[in-house]
Each structure stands twice: as C-alpha cells, then as structure tokens.
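Spelled out, the chains give:
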Amino acid sequence: MSQNNKSVRVRFAPSPTGPLHIGGVRTALYNYLFAKKHGGTFILRIEDTDQTRFTEGAESYIEETLEWCGMLPQESTKLGGDFGPYKQSERKAMYKQYADQLLEAGKAYYAFDTSEELVEMREAAKAAGSVAKYGIASRGQMKNSLALSAEDVQERLDSGAPYVIRLKVNSGETVVFEDMVRGLVRFQSDEIDDKILLKSDGMPTYHLANIVDDHLMQISHVIRGEEWLPSTPLHVLLYRYLGWEDTMPTFAHLPLILKPVGSGKLSKRDGDKHGFPVFPLDWKNPTTGETAMGFRERGFLPEAVVNFLAFLGWNPGTEQELFSMEDLIESFSLERVNKAGARFNFDKAKWFNQQYIIQSSDADLAKMVRPQVAANGHEVEDSALETICGLLNERMTTLSDFWEQGYYFFEDVKEYDRKTVKKKWKLDKRPIFDTLVETVANVEPFTGENIETQVKAYINDNQLGFGNILPIFRVSLTGTMKGPSIFDVASLLGKETVLKRFETAFAAFDASKQG
Ligand code: GLU
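Thresholds applied
Residues numbered from 1 in each chain as written. Predicted model: local features only at pLDDT ≥ 70, side-chain atom pairs only at ≥ 80, totals over all residues. Heavy atoms only, no water. Pairing = 2+ DSSP bridges. Helix = DSSP H or I, 4+ residues; strand = E, 2+ residues; numbered from the N terminus. Axes fitted to C-alpha atoms, helices over the stretch in contact; angles between N-to-C directions. Contact = heavy atoms within 4.5 Å. 1 Å grid on protein atoms, 1.4 Å probe; cavity = no way out; pocket = protein on both sides within 12 Å on 5 of 7 lines; lining within 4 Å. Points joined across faces, edges and corners; volume = space filled by probe spheres on them. Buried < 20%, exposed > 50% of the residue type's maximum accessible area, 1.4 Å probe, protein only. Near = heavy atom within 4 Å. Polar contact = N/O pair within 3.5 Å; in protein donor to acceptor, adjacent residues only side chain to side chain. Areas by Shrake-Rupley, 256 points an atom, 1.4 Å probe, with all protein chains shown as cover. Core = buried A, V, L, I, M, F, W, Y, C linked by side-chain atoms within 4.5 Å. Expected span 1.5 Å × (residues − 1). Arc of directions from axis to C-beta.

K.L.:
Would you explain the sheet that holds strand β4 (residues 164-167) in this entry?
P.N.:
Neighbouring strands of a sheet are bound in pairs by backbone hydrogen bonds; such pairs are parallel or else antiparallel. Strand order in the open sheet formed by 3 strands is β3-β4-β7, and the pairing between neighbours is antiparallel. If you trace the sheet from one side to the other, it starts and ends with β3 (108-111) and β7 (196-198), each paired once. Averaged over neighbouring strand pairs, the angle between their axes works out to 45° when direction is ignored. Both β3 and β4 contribute to a ladder of 4 bridges, which runs antiparallel. Each bridged residue has a counterpart across the sheet, and for Ala111 the counterpart in β4 is Val164. The strands that helix α3 (residues 92-104) touches are β3, β4 and β7; relative to β3, the one it contacts most, it runs at about 105°.

In structure tokens:
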C-alpha cells in the first residue's frame, strides 16, 4: 500500500502500569520498523491518564527496553520534539478543551450519576435480559444533561457536584474503516456506548486523550494490539464528532500473542508455569518486591529477541529466518502481518538466540559473559576468555549457559560423569593412563594440535583404541563427556593444571572402584 503523501508518524503509546509485556515490545517493534521503512518518525508517548494505576519505575523500564532492543524513538519525553509534551499527565489542559468543544456541539453531555445509580442501571438491564450499556437506549433515564432540566444541570454544576463528560453517540450511524491487517471493519453506532471522555477528577479517559494526541501529534498510522480493535469504532466516531475524520490515522491491529499451548493470550502465569520470561528485562515489583524474569537477564541477545518477536505475527514470505534490524526494516510490511494469533514458542526463541550467539565474534561474546566469570570470583584475560568463547559458542543457547558449560576452565571439576568412569576405568589399566600422563607432560609447546598428535600416537602405537582412552582423558579434565575439542581445552588449561587434574581424577576413579 502506498503511504500517499502523508509523512509517516507512528507512536508507541504504552501505559506505565507495570513491566512492558513482550507483546508490547512487539507492538513497539512493528511501529519502529514501519517508521524506518517509510522514512518516518517513531514516537514514544506515555499514556498515564489513569493515575490510580501509576507504577513507580514503569516509565524508565519502557525506555530501557527500547534502548536495549535498539528501537530508539525520535520524539519522547526524554528527547522532546515539536509535538510535546509526550506524557499525557502533562497535557491535561488540552483535553478539557476538546471535551468542551464536543459539549458545545451537542456531541457530548454532562453525567452526574453516582456509582450506585450505575450499578442499578446495569442490574436492571440484566434483569430485563438486555446488555447493560450507558447509551442510546438508557441515557434518557439517567442523571445527565440530556435527561435533566437545564436549571437542574446548572445548579449541579454551580454547586460543584461531581460529573463526568460522556460522548453522545448518535443512533443509526455506520462506522467503517479499513484496517491494514484486518481489511474492512464495519460497525453500527447503536452498538457503541456513551463512553466517558472526561473523568470526575478532570482527567481524560484513554479514549479522549488518545484521539486528541494522535490528532495533535499528526499520527499517520495507529499500529497497536488487537485488544484495541473493539474501541476503534468509538475512536472513529470521536474523530468524526471533533471534525477530524479527514485526517484520521490509518489503523492496523496486530494479532494476539497466544499461550504456548491451549487457547488464550500469553500471560505472566504461562511464563511462571513453564519457566520462560514474558518480559524483556527483569522487573522488580515495587509493591511485593517480587522479581519477574526478563529475556535480557535470562541470557538473550537483543538482536535475537527482536528477530524472534518480528516473526510472532509477521513473516517475510521466504525461507529466510535470520533478520538483523536492518534486514527487518527492509522487508517488513503491515500487509504481511497475520490476522490469526501468533503462538509463543520458547524453543524457537532459544533457537534464534543460539544463532546470534554463534554469529557473535569471540570478542563480543567475551564481553557478554565476563560478568558471569566475575560473579563467580574469577579473573581472566581477554584473550583467554575469547578463546573459551570460541570453543563454547555452539554449545550455548543462552548466555546463561556459559558458566554451566565452561566452569571447568576456571575451577576444579566438581563431579565426574559416573557412567563413563564406571565403564572405562579399570584398576589394572592404571599404568596405561600413567604413561598417557607422562606423554602429555612431555608435549612442548603445549598446543591443542601437539597434544592431539602425541596422545593419538600413543594410543595408536600401543593399540589401545581411542574409545578406551579418550573418554577418561576428557572426563578427567572437564568432568563431562560433552564439550569442545578436549585437546584445545587441555591447551587452554595449561600443562600444570592438566597434570594436576589427571592426578586428582585418577585418584577419585580408583577410589570409586575400590569403594
Ligand atoms: N495506552 C494504550 C496501551 O497501553 C495504547 C493503545 C493504543 O496504542 O492506542 O496499550
């Protein structure tokens, strides 16, 4: 679809009510990709009109997430821009003006109903078997400026009685809009209720603030989660009643991210149950002190998370799966976003991560895993750590695997693979292994290649069979049968450590046989 002459301006508009869910990160990503693809502007707007849900730290969490993922906005609270402020609580005065405009035009009205009266209305509707809705059918029986006399209304306003402003939805209007993902969406205005626009505390609701801001910020496309689709007809009416329908943004509603199994939306509970993160970064709940795990802390590379999320709801239509941010910008289009929900698959996330770990240079990987070495109380030179990373990179699906896979480069072996020892260690063969150690002790210089040549020559010359010797060689040095070339490992450990490890291991193996 051509973007006409309108310059592309899109916004990511989260509410800072808690940690950003991974679905929110995908929304941000699709906005970012779309903006970049069309040479447009990516804006971060903080929608904090619901002060009761304000959560300490949530806004900076959003900023940090965007930064970590490499999706920096061009306009935001932090950066400013020509359309600020970018936080709704700082725009309060603007919204009132538009609520007043709607009141004057007869498109909105004052409502004074108490919460008890609203409950009563809902219960009466339920009892009558109809849908409880404050709107076309029920507004005449409620306490509002359409039903009450003008004097009564004035009196209430003069006395400072609490009120809200509601949208007056006209009966019999058709709302049609073209959604870039879903195609033509059609609604009848009679299905829409008279939503509150301005709350009794003077704050706008999400609906009013969202529409006013999208208009004033000249947003060209609204790309957001499917959960907002039911609100869109109301938004279209708001544009219409405010006289802005001609410049209304184009909508694109993104598919839900589904649970790994079963039906429904992916939730924090799924993550807790299956042990995977659903947040980009660790989040410490300021009230409970509980920490929810993030992809970053779980050892994911931001490039992998971005690539994985891009594919949750979109595909390029080719076999290619690995896409850098640049590649994504080039290939992304809203037309290729699916209507159907996208199933979250943690194994796939790990697969992406593994690919990015393999692709990383040893030097980059070393920087990423160095904190694990330090956390375990060790120091290591860059060059050694880089070599270790080169040996282990194909064995890590997340960065957190590093320590488990490679602790033996820094510390003594914790335990030996029992099966191997049981099967391969024979007390009467000890002299063979002692000679093997002597052979290793004589290797000079102590390179992987030299160790390999000489150990293999020893095995061959004495017709010992690789399968009888090498497993013991490996398990003695690393404890495990898994791992990279054992000769490279030995070289990196250094002769002194290798000889010491053989000694300790052989003693332990003997003991296990005698015991
Ligand atoms: N503040 C809404 C949210 O938290 C934004 C929805 C929209 O993009 O219009 O998702």
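K.L.:
Would you mind going over the layout of surface pockets with me for this structure?
P.N.:
The probe, sized like a water molecule, is rolled over the atoms to show the empty space still left. Put simply, the largest pocket is a space of about 1,100 Å³. As for the largest pocket, its lining consists of 42 residues, and the residues nearest its centre are Pro14, Ser15, Thr17, Glu227 and Trp228. If you list the elements that add at least two residues to the lining of the largest pocket, you get β1 (9-12), α1 (22-37), α6 (206-216) and β8 (221-225). With 4 residues, α1 is the single largest residue contributor to the lining of the largest pocket. Space inside the second largest pocket adds up to approximately 320 Å³. In this structure, the second largest pocket is lined by 22 residues; those nearest its centre are Asp113, Leu118, Val164, Arg166 and Ile196. Put simply, the parts of the chain that give the lining of the second largest pocket at least two residues each are α4 (115-127) and β4. In terms of residues, the lining of the second largest pocket owes the most to one element, α4, which gives 5 residues.

K.L.:
I keep staring at the environment of Gly84 and nothing clicks. Help me out?
P.N.:
Looking at the secondary structure, you find Gly84 in the loop between α2 (58-69) and α3. Among the residues examined, Gly84 registers a relative accessible area of 33% and is labelled partly exposed. In this structure, the C-alpha to C-alpha distance between Gly84 and Met217, residues 133 residues apart in sequence, is 8.1 Å. Beyond its immediate chain neighbours, meaning those up to four positions away, Gly84 contacts Arg91 and Met94.

K.L.:
Honestly, the site of the ligand in this entry has me stumped. Any pointers?
P.N.:
Every residue near the ligand is listed here: Arg11, Ala13, Pro14, Ser15, Glu47, Tyr206, Asn210, Arg224 and Trp228. In the environment of the ligand, an oxygen atom lies 2.8 Å from a nitrogen or oxygen atom belonging to the side chain of Tyr206. Contacts to the ligand include Trp228, whose side-chain N or O atom sits 3.3 Å from an oxygen atom. Bound to the protein, the ligand loses 84% of the 300 Å² it would expose on its own.

K.L.:
Honestly, the pairing of β4 in this entry has me stumped. Any pointers?
P.N.:
Two faces belong to every sheet, and in a regular strand the side chains alternate between them. Burial of β4 is two-sided: the residues Val164 and Arg166 facing one way and the residues Ile165 and Leu167 facing the other way are all buried. For β4 and β7, the ladder comprises 2 bridges, and the chain directions are antiparallel. Each residue of the ladder has a partner; that of Arg166, found in β7, is Ile196.

K.L.:
Sorry, what's going on with unusual backbone geometry here?
P.N.:
If a residue is not glycine, its phi is most likely negative; likewise, a peptide bond is most likely trans. The omega torsion of the bond from Gly84 to Pro85 falls at -5°, within 30 degrees of zero and hence cis. Within the secondary structure layout, Pro85 lies in the loop between α2 and α3. Cis rather than trans, the peptide bond between Glu444 and Pro445 has omega equal to -15°. Note on placement: Pro445 falls in the loop between α16 (430-441) and α17 (448-461). Of note, Gln218 is a non-glycine position whose phi angle comes to about 55°, a positive value. With respect to the secondary-structure elements, Gln218 resides in the loop between α6 and β8. Here Gln463, not a glycine, exhibits a phi torsion of approximately 50°, which is positive. By secondary structure assignment, the location of Gln463 is in the loop between α17 and α18 (466-478).

K.L.:
How should I be thinking about the nonpolar core in this particular structure?
P.N.:
The nonpolar side chains of a soluble globular protein tend to be buried with one another. Grouped together as the largest cluster of nonpolar side chains are 110 residues, with contacts concentrated most on Met71, Phe295, Phe402 and Phe473. With 9 residues, α1 is the single largest residue contributor to this core. Setting aside residues up to four positions removed in sequence, Met71 forms contacts with Val25, Ala28, Leu29, Tyr32, Phe42, Leu66 and Met325. By size, the runner-up hydrophobic cluster in this structure holds 40 residues, among which are Tyr110, Phe177, Ala209 and Ile211.

K.L.:
Looking at this structure, I do not really get α16. What am I missing?
P.N.:
The terminal C-alpha atoms of α16 lie 16 Å apart, and with 12 residues this matches the ideal 16 Å at 1.5 Å per residue to within 8%. Taken together, the buried positions of α16 are Phe433, Leu436, Val437, Thr439 and Val440. Taken around the axis of α16, the buried residues stretch over an arc of 155°, which confines them to a single face. Lining the buried residues of α16 we find α17, α18 and α20 (495-514).

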